[in-house]
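Descriptive structure summary
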Amino acid sequence: MATVKLLTQKTLRNGPSSFPLFLRERRLLFNSLRAFSSTGVLSPPSTAVVYDQHGPPDAVTRIAQLPPVEIKEDDVCVRMLASPINPSDINRIEGVYPIRPPVPAVAGYEGVGEVHCVGSGVKGLSPGDWVIPSPPSAGMWQTYVVKEKSVWHKIDKRIPIEYAATVIVNPLSALRMLEDFVDLKSGDSIVQNGATSMVGRCIIQLARDRGIHTINIIRDRPGSDEVKEKLKKLGADEVFSEKELEVKNVKDLVNLPEPSLGLNCVGGNAASLVLKFLRQGGTMVTYGGMSKRPVTVSTASFIFKELSLRGFWLQKWLGSDKAKECRVMIDYLLALISEGKLTYDVELAPFEDFHTALDKSLGKLGSQPKQVLKF
Ligand SMILES: NC(=O)c1ccc[n+]([C@@H]2O[C@H](COP(=O)([O-])OP(=O)(O)OC[C@H]3O[C@@H](n4cnc5c(N)ncnc54)[C@H](OP(=O)(O)O)[C@@H]3O)[C@@H](O)[C@H]2O)c1
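Residues numbered from 1 in each chain as written. Predicted model: local features only at pLDDT ≥ 70, side-chain atom pairs only at ≥ 80, totals over all residues.

Per-chain confidence: the protein chain averages 91 in pLDDT, with 90% of residues scoring 70 or above. pLDDT under 50 marks residues 1-24. Its contacts with residues more than four places away, or in other chains, come to 37 contacts. This model gives residues 32-39 a pLDDT under 50, and the stretch forms eleven contacts once residues within four places in sequence are excluded. (pLDDT = per-residue confidence, 0-100. Contact = placed C-beta atoms within 7 Å.)

Shown next, in the form of structure tokens:
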């Protein structure tokens, strides 16, 4: 076996751990070298966000130098350009997500990169091409990722990296939720909370593109008037803060058809407000739980209003037959982005500033745009 030098850099921030630093590094080295053979071509070493145990992300993540890995016949080595910090990445590190890689693990799940080199059996991808993992794949918060060719989807290099890096998890979820639950027609309305989220912004624009009206709920926060204006510019018909909806009949506040679909990103009171807007027989789809509060439904809503409660999980959808067209949908979303029909606020954060970007994503610095790590 060839000798590979482990480039160990002391961590920027070490979390509490039950075993010493050098043991962690050795486990990572072992994982990286498991498949190594003396004839293999090696990737460059990679700088990665690693966690050795589950827990609060700001405590358990650290920056580590990982050794080169073998690039096998069907592998593609990608130099990562950008990758977002999504709420589900945080949940995976916390250990509360239903599917999570075994620890120690490199964090991150979607992103965009440039092909650095390819294995001898790879056709259709060359150095310099831009690719995204589709479906998303674990271990994206690092400078070099090696995965089989089948993981990667080639995209147009003219897409801004912050959009290329974020096109799957949130925009695709928004698209599926608009299409898979209620048969919506032009002129219909929907209602959603968490309208400032990336999913929420995508819902507004995809709905507008289909002639569907949106009633949007945001949380009470500093700068909410400015936020409302921004959402209206994206195509939101109505935007209310939760406080503004503390009225006897929320439906009196809007002059739109009663929505048959509600989308719940938040839970708690914000979910109850979505239910209040729904028409008889309407459906609320829960896809996020940002407030960490449960969804409560009155008995009367079930009996007299015949509401339906459903859930959406992109990961499950990606495992279904329908997901065969996933890449077609991604290309459709990328085309909308190119045409300026799908926009959202993100902040590109230099990888060196990872811990600041993480703190922003954890809400420690108030409401912030989605953080996208730039490698
Ligand atoms: N089920 C699925 O398959 C699926 C797929 C994609 C996303 N999601 C979920 O969708 C949700 C939104 O994801 P995203 O990436 O679009 O979000 P994002 O762009 O990172 O934005 C976070 C959103 O959460 C709101 N928020 C943060 N803390 C909150 C709190 N304590 N109470 C109420 N609202 C809070 C923020 O409101 P402010 O703007 O006011 O700060 C903002 O709207 C997450 O729960 C995510 O896990 C689920």
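Additional details are given in the paragraphs that follow.
Among the 27 residues in the neighbourhood of the ligand, the closest are listed as Thr196, Ser197, Gly288, Leu314 and Ser367. Secondary structure elements with two or more residues in the shell around the ligand: helix H3 (87-94), helix H5 (168-180) and helix H6 (198-209). Here the shell around the ligand spans two domains, and each of domain 1 (21-166 + 345-374) and domain 2 (168-315) adds at least three residues to it. (Near = placed C-beta within 6 Å. Helix = DSSP H or I, 4+ residues; strand = E, 2+ residues; numbered from the N terminus. Domains from an automatic or database assignment.)

Pairing is parallel in the open sheet, where six strands are placed in the order S13-S12-S11-S14-S15-S16. Pairing within the sheet leaves two strands with one partner each, and these edge strands are strand S13 (238-241) and strand S16 (308-311). Neighbouring strand axes in the sheet, compared pairwise and without regard to direction, differ in orientation by 20 degrees on average. Two elements, strand S11 (residues 189-193) and strand S12 (residues 213-218), share five bridges in a ladder whose sense is parallel. Bridging across to S12, Val191 finds its partner in Ile215. Taken strand by strand, H6 contacts S11, S12 and strand S14 (261-264), and its axis lies near 165 degrees from that of S12. Packed onto the sheet, helix H8 (residues 268-277) meets S11, S12, S14 and strand S15 (283-286) and runs at close to 170 degrees relative to S11. (Pairing = 2+ DSSP bridges. Axes fitted to C-alpha atoms, helices over the stretch in contact; angles between N-to-C directions.)

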